[in-house]
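A look at the structure
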Amino acid sequence: MATKTKRKQPVRGLEGVVAAETSLSYVDGQNGKLYYRGYDIDQLAGKVCYEEVVYLLWFGELPNAETLDDWRSQIVSEMRLPSQVLELLRLSPPGANPMVVLRTAVSSLGLYDADGGKNTAVANQRKSRRILAQVATIVAALHRIHQGEPVMSPDKSLGFAANFLYMFTGIVPPKLDQSIFDTLLVLHADHDLAASTFAARATVSTLAGMHSAMASALASLKGPLHGGANTRVMEMLEEIENPDAVDAYIDGMLASGQRIMGFGHRMYKTEDPRSRHLRRFSEKLCRRPQSRHLAEISHNIEARVLEKKGIHPNVDFYSATVQEALGIPKEYFTCIFAMARTAGWIAHMLEQFDDNRLIRPTSKYIGRFDRKLVPLAKR
Ligand code: COA
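The structure contained in this document is the topic of the report that follows.

Turning next to the site of the ligand. The environment of the ligand is made up of 17 residues, and the closest members are Arg-259, Ile-260, Gly-262, Phe-263 and Arg-266. Contacts to the ligand include Phe-263, whose backbone N or O atom sits 2.8 Å from a nitrogen atom. When the ligand is considered free in solution it has 850 Å² of accessible area, and contact with the protein chains removes 65% of it. Residue composition of the shell around the ligand, grouped by class: eight nonpolar, five polar and four charged.

Right under this line is the structure:
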């Protein structure tokens with residue numbers, strides 16, 4: 001008979017389990033605070049650009065003006081895609097889920113990367129920049145291809161956020177849109193051990209490379225309980241259509257045991273600080289006549305869910321209306337999240353590589369031990 005060792009009870013969903021040390025980001029769920037490398041997100045939002053945050057996460061300090069200029073051009077110079085990856089995007093079916101294409105394309109980048117099979121610190125630094133830049137190009141190029149429009153090259157005079165919008169839409173966006181989108185990227189850049197970040201760390205802990213870890217992270221982010229929620233939020237807003245219909249809709253969802261997308265969080269027991277900034281942007285952008293009703297519906301949903309369940313919106317709720325108002329189709333919302341979070345995923349991969357031990361938890365076995373084999377012919 002097999003030996004049954006006593007094991008602790010499993011923690012459902014690993015809630016509260018500390019699985020890694022990090023100096024990258026900290027979520028203070030009781031007080032609704034988020035820190036990147038010791039900076040309160042409220043200090044960073046609207047004050048620093050995405051490239052600065054990437055630099056902060058990867059190197060531990062904010063860059064000075066000269067370093068930032070150089071850093072920005074290093075990233076923009078890596079935005080070119082291998083022609084085979086562009087071809088793969090062109091071959092994707094018109095109605096394909098962009099997150100599925102992004103996951104596949106990022107995985108395929110590893111085939112053409114000169115550092116693809118190397119895990120040295122210098123190779124990982126080169127790959128980090130390349131992956132960050134190429135993820136943005138993949139998302140923008142995929143949108144252009146599916147719109148039947150030519151794929152755009154980056155404009156060296158623009159920063160990362162503006163460049164992305166330019167390559168995605170084909171026009172340089174107004175300054176307000178550029179700066180709001182930039183801050184949206186900053187707000188999504190890292191978030192402790194989110195499911196996708198844990199997946200990325202677990203993958204590199206086996207010494208599989210960064211492209212493999214990116215594929216794991218993207219696969220995990222896609223789900224509606226994680227980054228996929230933002231697309232579902234937009235679907236809900238479209239389904240509700242009328243601000244007066246909100247209460248009945250929410251009550252009906254809750255009565256039938258369904259979850260309201262964009263609400264609730266494992267870590268935050270109060271308001272998610274990212275959602276506070278995004279609400280402000282949503283209100284600002286939704287003053288435009290074509291999206292005014294969305295702001296009203298969102299406001300009513302927030303009030304009803306808080307009243308009925310005491311749950312606050314998370315990062316995905318207002319990011320939906322912000323992205324919609326910026327002209328991004330809802331199918332791409334999760335890709336934008338992925339593009340921004342690539343900074344954090346890579347930072348966590350580098351941190352894991354720096355002090356690696358295989359991530360290999362265990363389970364509590366609740367199956368049988370006493371079964372006798374019945375030969376195939378007698379089953
Ligand atoms: N709508 C309705 N009820 C919700 C809810 C939501 N969005 N989020 C949590 N709850 C309720 C649960 O039903 C549960 O209530 P109960 O105790 O009465 O059964 C309670 O809150 C705790 O939920 P639980 O599933 O244990 O929380 P979790 O930490 O495992 O889940 C999420 C966190 C994010 C998966 C969850 O809040 C959710 O499904 N949200 C919607 C999807 C989403 O927006 N995801 C993006 C996250 S950034």
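Text resumes after the structure shown.
Counted according to the given criterion, the structure contains twelve aromatic pairs. Measuring from ring centre to ring centre gives 6.3 Å for Tyr-26 and Tyr-35, while their planes differ by 35°; the resulting arrangement is tilted. Note on Tyr-26: relative accessible area 51%, which makes it exposed. Pairing Phe-168 with Tyr-332 gives two aromatic rings, centres 5.4 Å apart and planes at 85°, and the pair type is edge-to-face. With Phe-168 in helix α7 (residues 160–169) and Tyr-332 in the loop between α15 (315–325) and α16 (333–354), the pair connects residues that are 164 residues apart, well separated along the chain. For Phe-168, a relative accessible area of 0% gives the class buried. For Tyr-332, a relative accessible area of 5% puts it in the buried group.

Another aspect to go through is the nonpolar core. Judged by nonpolar contacts, the single largest core of 110 residues is most densely connected at Phe-181 and Ile-301. Here the element with the most residues in this core is α16; it accounts for 14 residues. Here Phe-181 is in contact with Ala-161, Phe-164, Leu-165, Leu-326, Ile-328, Ile-336 and Met-339, once residues within four sequence places are set aside.

As judged from the four bridges shared by strand β1 (residues 25–28) and strand β2 (residues 33–36), these two strands associate in the antiparallel manner. Paired with Asp-28 across the bridge in β2 is Lys-33. In this structure, the hairpin formed by β1 and β2 is closed by a connection of four residues, where Gly-32 is found at a positive phi of approximately 65°.

Scanning the entire structure with this criterion turns up 19 salt bridges. For Lys-330, the salt bridge goes to Glu-238, with nearest N and O atoms at 3.2 Å. Pair noted here: Lys-330 is in the loop between α15 and α16 and Glu-238 is in helix α11 (residues 229–240), with a separation of 92 residues, a long-range link. Under the relative-accessibility criterion, Lys-330 is labelled buried at 18%. Residue classification places Glu-238 among the partly exposed residues on the basis of a relative accessible area of 41%. A single salt-bridge network, built from bridges that share partners, covers Lys-33, Asp-40, Asp-42, Glu-271, Arg-276, Arg-279 and Glu-302.

Time to look at a positive patch on the surface. Side chains of Lys-47, Arg-280, Lys-284 and Arg-287 sit close together on the surface and give a patch of like positive charge. You can see Arg-280 is positioned in helix α13 (residues 273–285). Its relative accessible area of 43% is what places Arg-280 among the partly exposed residues.

Turning next to the side chain of Glu-302. Counting through the fold element by element, Glu-302 comes out in helix α14 (residues 292–309). By relative accessible area, Glu-302 is classed as buried at 12%. Within the local environment of Glu-302, its side chain forms a polar contact with the side chain of Tyr-318, the two groups lying 2.5 Å apart. Among all residues touching Glu-302, those that are not within four sequence positions of it are Phe-263, Arg-279, Pro-313 and Tyr-318.

In contact at an axis separation of 8 Å, helix α5 (residues 98–112) and α16 are set at 35° when each is read in the N-to-C sense. Along the contact surface, α5 presents Pro-98, Met-99 and Leu-102, while α16 presents Thr-334, Cys-335 and Ala-338. For the contact of α5 with α16, the class distribution of residues is five nonpolar, one polar and no charged.

Turning to the packing of helix α6 (residues 121–146) against α16, a few remarks are in order. Direction vectors running N to C along α6 and α16 enclose 170°, while the axes themselves pass 9 Å from each other. Judged on the interaxial angle alone, α16 and α6 are roughly antiparallel. Taken together, the residues of α16 that come into contact with α6 (itself represented by Asn-124, Gln-125, Ser-128, Ile-131, Leu-132, Val-135, Ala-136 and Val-139) are Cys-335, Ile-336, Met-339, Thr-342, Ala-343, Ile-346, Leu-350 and Phe-353. Its residues assigned to classes, the contact of α6 with α16 comprises twelve nonpolar, four polar and no charged.

This part is about the sheet that holds β2. Overall, antiparallel pairing links the three strands, which are arranged β1-β2-β3 in an open sheet. The open sheet terminates on both sides in strands that have one partner only, identified here as β1 and β3 (39–40).

This part is about a nonpolar patch on the surface. Residues Val-11, Leu-14 and Val-17 make up a contiguous nonpolar surface patch of about 230 Å² in total accessible area. Note that Leu-14 resides in the segment before β1. What makes Leu-14 partly exposed here is its relative accessible area of 47%.

With that out of the way, let us pick up the environment of Leu-184. Structurally, Leu-184 is set in helix α8 (residues 175–187). Here the alpha-carbon distance between Leu-184 and Ile-301, two residues 117 residues apart in the chain, equals 21 Å.

As a further point, take α7. Within α7, nine of the ten residues are buried, which leaves it mostly tucked inside the rest of the structure. Three or more residues of α7 are buried, namely Phe-160, Ala-161, Ala-162, Asn-163, Phe-164, Leu-165, Tyr-166, Met-167 and Phe-168. At its buried positions, α7 is contacted by α2 (50–59), α3 (65–76), α6, α8 and α16. Gly-170 sits one or two positions beyond α7 and adopts a positive phi of about 90°.

Cut-off values and rules
Residues numbered from 1 in each chain as written. Predicted model: local features only at pLDDT ≥ 70, side-chain atom pairs only at ≥ 80, totals over all residues. Heavy atoms only, no water. Near = heavy atom within 4 Å. Polar contact = N/O pair within 3.5 Å; in protein donor to acceptor, adjacent residues only side chain to side chain. Areas by Shrake-Rupley, 256 points an atom, 1.4 Å probe, with all protein chains shown as cover. Nonpolar A, V, L, I, M, F, W, Y, C, P; charged D, E, K, R; others polar. Phe/Tyr/Trp six-rings, centres within 6.5 Å; stacked < 30°, edge-to-face > 60°. Buried < 20%, exposed > 50% of the residue type's maximum accessible area, 1.4 Å probe, protein only. Helix = DSSP H or I, 4+ residues; strand = E, 2+ residues; numbered from the N terminus. Core = buried A, V, L, I, M, F, W, Y, C linked by side-chain atoms within 4.5 Å. Contact = heavy atoms within 4.5 Å. Pairing = 2+ DSSP bridges. Salt bridge = Lys/Arg side-chain N within 4 Å of Asp/Glu carboxyl O. Patch = residues over 30% accessible without salt bridge, like charges linked within 9 Å, V, L, I, M, F, W, Y side chains within 5 Å. Lys, Arg positive; Asp, Glu negative; His and termini not counted. Charge placed at Lys NZ, Arg CZ, Asp CG, Glu CD. Axes fitted to C-alpha atoms, helices over the stretch in contact; angles between N-to-C directions. Parallel < 35°, antiparallel > 145°, perpendicular 65-115°, else oblique.

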